[in-house]
Structure formats: C-alpha cells, structure tokens
Amino acid sequence: MNKDGSLNEYNFRVCFTDPYQGAVAAGYAADELGAKSAAILYDVASDYSQGFMEFFIETFEEKGGKIVAKEGCKTGDTDFRPQMTKIKNADPDVILLPLGSYKEVALSANQARELGIDSVLLGGDTWPSETLFEMAGPALEGSFVVNHFDYNDPAAAEVTKMYKEKYDANPEINAYMVHDAFKLLIAAIEKAGSADPQAITDALTQVEIDGVTGHISLSADDHNPVGKEAAMQQIVKSDTAEDGYEYKFIMKYSPSK
C-alpha cells in the first residue's frame with residue numbers, strides 16, 4: 001500500500017503483516033491456551049509494536065478475552081519493574097511483549113519473573129536472536145512465539161541446505177521468503193502464459209502455492225497473503241543447543257480458524 005492508503009499496483013507481499021501477528025497471538029492465546037485475560041507491554045514509539053498490539057486487542061476481545069493492563073515503554077529502556085508491577089497486580093493469564101528488540105524482551109521477561117509473575121509470555125518474529133536465550137533463557141521458558149515457518153520442516157531444510165552450499169552461511173528468514181516469492185512469481189508467469197509484465201501482475205492474485213513459509217494466495221484488495229497460517233513455537237529446554245533452549249514447533253495456526 002502507498003502512504004496515503006491507496007493500493008500500489010506493482011507491490012506484493014508473501015509474508016504476513018506485522019499487525020496480523022497480533023491477531024495470530026490473540027487467537028492462539030484464546031483458542032489454544034484458554035486465556036481469558038491479557039496484559040501488554042508495548043513500545044509507544046514503534047509502529048510495529050502498536051500495530052501488533054491493536055490487532056491483538058481486537059481479536060482477543062472478539063474471542064471474549066479481557067485486556068487487564070496496557071503499559072508503555074521505549075526501545076533502550078532497561079527498567080521495566082514499574083510496568084511489570086502494575087501488570088502483576090492485574091494478574092493476567094498471558095502477557096504480550098510485542099517489542100522490536102530482543103534486548104527489551106530479555107530484560108522485561110527477567111524482571112517479570114523476579115517480581116514473581118508466572119503468566120505465559122507471548123511474542124512475535126522480532127524475538128529470535130543469537131543471544132536471547134543467553135540473556136533470559138530461564139525467564140522465557142514456556143513462552144510462545146509467532147513465527148513464519150518451522151525451521152525443522154523438510155521443505156525448509158532443503159532450502160537451508162542449498163543456501164549453505166552456495167553461500168557457506170546460515171540463511172536468514174528473508175532467504176525463505178525470497179524462495180516463496182520466486183515460486184509464486186513462477187506460478188504467475190505460467191498462469192499468464194506470457195512474459196508481459198502486466199499479464200504477470202494480474203496473475204499474481206489468481207494463483208496460489210505451497211511454500212516453505214506456508215500456503216500463499218494474495219488478496220486483490222491489498223496484495224497481502226489471505227489467511228496465511230503462522231508457525232506457533234514454544235521456547236523449551238534443549239539437551240543439544242549450546243544455550244540450553246530452543247524453539248519447538250507446536251502447530252500452524254490462523255486466527256480465522
């Protein structure tokens with residue numbers, strides 16, 4: 001979409017949007033975890049965090065849940081005890097941490113546990129990092145994360161293998177997105193039966209694929225994926241990981257379910 005809200009005819013997206021993660025997290029909390037109440041610690045200066053929060057609230061309340069606390073912070077903050085004390089007093093079933101930096105996630109989770117909060121923590125695709133578990137593994141154990149796909153999926157493993165062979169490095173998540181975007185483009189070219197750019201553009205919303213990151217079909221209204229499932233993962237102890245924790249794939253989930 002353009003800044004004025006109008007549709008950009010030639011822009012398409014294969015990943016789900018940041019706000020959509022909020023709907024996924026809320027739906028999963030209500031449907032699968034049985035949560036009735038939720039608290040939120042969000043970044044007041046982040047569009048990502050606010051969009052995530054707004055869609056979480058909308059979906060959670062639609063499913064009968066209640067938001068019992070909503071506290072703000074900013075990237076770079078190190079003391080979250082005042083906010084977490086208020087959240088503790090609200091006694092939520094789950095706490096959403098839609099923060100854009102793993103550092104704030106780690107610090108807020110550690111301080112929540114130090115205050116005696118045992119609510120389930122929820123987050124999105126900004127959580128994963130090489131040092132998150134090193135900073136807050138015990139505090140995050142049992143938390144749930146909205147991610148784009150399961151790294152242990154055989155299809156993902158094949159992409160990982162090819163990437164390592166070519167670049168001698170581990171792929172970042174965008175590599176898997178590019179794989180799916182290219183696969184969708186091929187499907188559109190075959191649908192169009194032509195190399196004409198406009199014909200291919202028109203066909204992109206008429207095809208669908210099973211990609212590494214999920215089943216993908218694009219909306220003609222906004223060019224975003226329609227009801228794309230997320231990969232729900234839980235942070236658990238690991239006997240093999242160096243930092244002692246790992247992301248365990250739980251299920252694919254869409255709030256439309």
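Use the structure listed above.
Rules and cut-offs
Residues numbered from 1 in each chain as written. Predicted model: local features only at pLDDT ≥ 70, side-chain atom pairs only at ≥ 80, totals over all residues. Heavy atoms only, no water. Helix = DSSP H or I, 4+ residues; strand = E, 2+ residues; numbered from the N terminus. Buried < 20%, exposed > 50% of the residue type's maximum accessible area, 1.4 Å probe, protein only. Contact = heavy atoms within 4.5 Å. Lys, Arg positive; Asp, Glu negative; His and termini not counted. Charge placed at Lys NZ, Arg CZ, Asp CG, Glu CD. Polar contact = N/O pair within 3.5 Å; in protein donor to acceptor, adjacent residues only side chain to side chain. Pairing = 2+ DSSP bridges. Axes fitted to C-alpha atoms, helices over the stretch in contact; angles between N-to-C directions. Parallel < 35°, antiparallel > 145°, perpendicular 65-115°, else oblique. Nonpolar A, V, L, I, M, F, W, Y, C, P; charged D, E, K, R; others polar. Right-handed = clockwise from strand over helix to strand, strands pointing away.

**A few points about the overall build of the protein**
Reasoning step 1: For the protein, the count of helices and strands is 8 helices and 9 strands.
Reasoning step 2: For the protein, the residues scored as buried account for 46% of the 257 residues in total.
Reasoning step 3: The contacts of the protein with a sequence gap of at least 6 include a subset with a gap of at least 24, amounting to 67%.
Reasoning step 4: Charge separation in the protein, taken as the distance between the mean sites of 22 positive and 42 negative side-chain charges, equals 3 Å.

**Points about the environment of Tyr-10**
Reasoning step 1: Relative to the helices and strands, Tyr-10 resides in the segment before helix H1 (18–31).
Reasoning step 2: Between the C-alpha atom of Tyr-10 and that of Gln-83, which follows or precedes it by 73 residues, the distance is 43 Å.
Reasoning step 3: Excluding residues that lie within four positions of it along the chain, Tyr-10 makes contacts with Gln-198 and Thr-201.
Reasoning step 4: Among the polar contacts made by the side chain of Tyr-10, one reaches the side chain of Gln-198 at a distance of 2.7 Å.

**Examining the sheet that holds strand E3 (residues 94–96)**
Reasoning step 1: Within the open sheet, the 7 strands sit side by side as E2-E1-E3-E4-E5-E8-E9. Their pairing is mixed. With one partner strand each, in any of the chains shown, strand E2 (66–73) and strand E9 (245–253) form the two edges of the open sheet. Adjacent strand axes in the sheet meet at a mean angle of 25 degrees, parallel and antiparallel pairs treated alike.
Reasoning step 2: Pairing analysis gives 4 bridges linking strand E5 (residues 144–147) to strand E8 (residues 230–237), with the strands arranged antiparallel.

**Brief notes about the packing of helix H6 (residues 154–167) against helix H7 (residues 173–192)**
Reasoning step 1: The geometry of H6 relative to H7 is characterised by a closest axis approach of 11 Å and an angle of 105 degrees between their N-to-C directions. The pairing of H6 with H7 is recorded here as roughly perpendicular in orientation. Residues Ala-156, Val-159, Thr-160 and Tyr-163 of H6 lie in contact with H7, whose contacting residues are Ala-175, Tyr-176 and His-179.
Reasoning step 2: Class assignment of the residues belonging to the contact of H6 with H7 gives a composition of 5 nonpolar, 2 polar and no charged.

**Observations regarding the pairing of strand E6 (residues 208–211)**
Reasoning step 1: Side-chain alternation along E6 places Ile-209 and Gly-211 on a buried face and Glu-208 and Asp-210 on a face that remains uncovered.
Reasoning step 2: The pairing of E6 with strand E7 (residues 214–217) spans 4 bridges and is classified as antiparallel. Note that in E7 the partner of Glu-208 across the bridge is Ser-217.

**Section: unusual backbone geometry**
Reasoning step 1: Backbone geometry places Asp-91, a non-glycine residue, at a positive phi of 50 degrees.
Reasoning step 2: For Asp-91, a relative accessible area of 56% corresponds to the exposed category.
Reasoning step 3: Despite not being glycine, His-223 shows a phi value in the positive range, around 65 degrees.
Reasoning step 4: Structurally, His-223 can be placed in the loop between E7 and E8.

**With respect to the pairing of strand E1 (residues 37–43)**
Reasoning step 1: Burial within E1 is extensive, with 7 of its 7 residues counted as buried.
Reasoning step 2: The alternating pattern of E1 places Ser-37, Ala-39, Leu-41 and Asp-43 and Ala-38, Ile-40 and Tyr-42 on opposite faces, both of which are buried.
Reasoning step 3: Here 7 bridges tie E1 to E2, and the two strands are oriented parallel to one another. For Ser-37, the partnering residue across the bridge sits in E2 and is Lys-66.
Reasoning step 4: Taking the sense of rotation as the criterion, the β-α-β connection linking E1, helix H2 (residues 47–62) and E2 turns out right-handed.
Reasoning step 5: With 3 bridges connecting them, E1 and E3 associate as parallel partners. By the bridge assignment for E3, Ala-39 is matched with Ile-95.

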